[in-house]
Amino acid sequence: WNTRTGEEIVIEERCADEVRRVGNELITVPDVPVFNPAFDVTPAHLIAAIITENGVIEAPCANTMAQFRTSMD
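Scope of this entry: the structure provided in the associated data block. (Residues numbered from 1 in each chain as written. Predicted model: local features only at pLDDT ≥ 70, side-chain atom pairs only at ≥ 80, totals over all residues. Heavy atoms only, no water.)

**Some points on the pattern of salt bridges**
Applying the stated criterion across every chain, the model contains three salt bridges. The salt bridge involving R14 is made with E18; its shortest N-O contact spans 2.7 Å. Here the residues in one salt-bridge network are D17, R20 and R21, joined through shared partners. (Salt bridge = Lys/Arg side-chain N within 4 Å of Asp/Glu carboxyl O.)

Listed below in structure tokens is the structure:
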């Protein structure tokens, strides 16, 4: 709730061997550089809604997120 922009989100990087291997078989040279982010950040203007197990937050999100957070407290 306190993150103001997507630039503040730390992107977890997953194990490089998830890209270098299929099963136990190496499909690249062993030390090839790999960037394997666990997720990315979608720009806010591309989001129409956020669907959660507790309900749907529809755009524009500023007001609906505040209402959603209040209902969770």
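**Notes on the side chain of R20**
Position of R20 relative to the elements: it lies in helix α1 (residues 17–20). Note on R20: relative accessible area 14%, which makes it buried. A polar contact of 3.4 Å, which involves the side chain of R20, links it to the backbone oxygen of P30. A polar contact of 2.8 Å, which involves the side chain of R20, links it to the backbone oxygen of V32. (Helix = DSSP H or I, 4+ residues; strand = E, 2+ residues; numbered from the N terminus. Buried < 20%, exposed > 50% of the residue type's maximum accessible area, 1.4 Å probe, protein only. Polar contact = N/O pair within 3.5 Å; in protein donor to acceptor, adjacent residues only side chain to side chain.)

**Structural notes on the pairing of strand β4 (residues 55–58)**
As paired strands, strand β3 (residues 49–52) and β4 are joined by four bridges and run antiparallel to one another. The residue of β4 that forms the bridge with T52 is G55. With antiparallel pairing between neighbouring strands as the criterion, β3 and β4 make up a hairpin whose turn holds two residues. (Pairing = 2+ DSSP bridges.)

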